[in-house]
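Inside the fold
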Amino acid sequence: MNFQERFTKARVNLIQKYPFWGQLALYMRLRENKNIPTTAVNLAGDFLYNPDWVEKLSQTDLEFEVAHEVGHLFTRTMSRFPAGGIFPVWNYASDVVIDIMLRDSGLTPSAISLKAIPDTRVEQFKGKI
């Protein structure tokens, strides 16, 4: 199965299991980008992905990553970046908030998420967002 098929399957699975996240994922367009290390989203709603990285993801991890990028869109991570802020810090804080919402929705965290945002960090900020 090529990545476009896997991405479509991820969106269908999200719609079936997590309609809020899946519905929003329907609006994203795929854009291959080998200049980014993993996945990202832009203000236009494009799902940017490095094909070398995404091919290693399990289907469950891909679903979480798609929903995670959706989270950056509806929380307006990029457009709410404060003047004078430090983007890596802002992005990480956004990642924590989004992953808490995803976990609270019942999604299984991806291996990538668990490595970047361990359970101790989730517990530290849960209920404070």
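Structure report, in brief. (Residues numbered from 1 in each chain as written. Predicted model: local features only at pLDDT ≥ 70, side-chain atom pairs only at ≥ 80, totals over all residues. Heavy atoms only, no water.)

Turning next to the sheet that holds strand S1 (residues 29-32). Reading across the sheet, the three strands line up as S1-S3-S2 and stay open at both edges, with mixed pairing between neighbours. The open sheet terminates on both sides in strands that have one partner only, identified here as S1 and strand S2 (39-41). When the angles between neighbouring strand axes are averaged without regard to direction, this sheet yields 25 degrees. For S2 and strand S3 (residues 46-49), the ladder comprises three bridges, and the chain directions are antiparallel. The residue bridging Ala-40 from the neighbouring strand is Leu-48, located in S3. In this fold helix H4 (residues 59-74) packs onto S2 and S3, with an angle of close to 30 degrees to the strand it touches most, S2. (Pairing = 2+ DSSP bridges. Helix = DSSP H or I, 4+ residues; strand = E, 2+ residues; numbered from the N terminus. Axes fitted to C-alpha atoms, helices over the stretch in contact; angles between N-to-C directions. Contact = heavy atoms within 4.5 Å.)

Along the chain, the position of Asn-50 falls in the loop between S3 and helix H3 (51-54). Taking relative accessible area as the criterion, Asn-50 reaches 9% and is therefore assigned buried. On a C-alpha basis, the gap between Asn-50 and Lys-34 in space is 4.8 Å, while along the polypeptide they are 16 residues apart. Dropping the residues within four chain positions of it, Asn-50 is found in contact with Asn-33, Lys-34, Ile-36, Pro-37 and Thr-38. A polar atom in the side chain of Asn-50 sits 2.8 Å from the backbone oxygen of Ile-36. (Buried < 20%, exposed > 50% of the residue type's maximum accessible area, 1.4 Å probe, protein only. Polar contact = N/O pair within 3.5 Å; in protein donor to acceptor, adjacent residues only side chain to side chain.)

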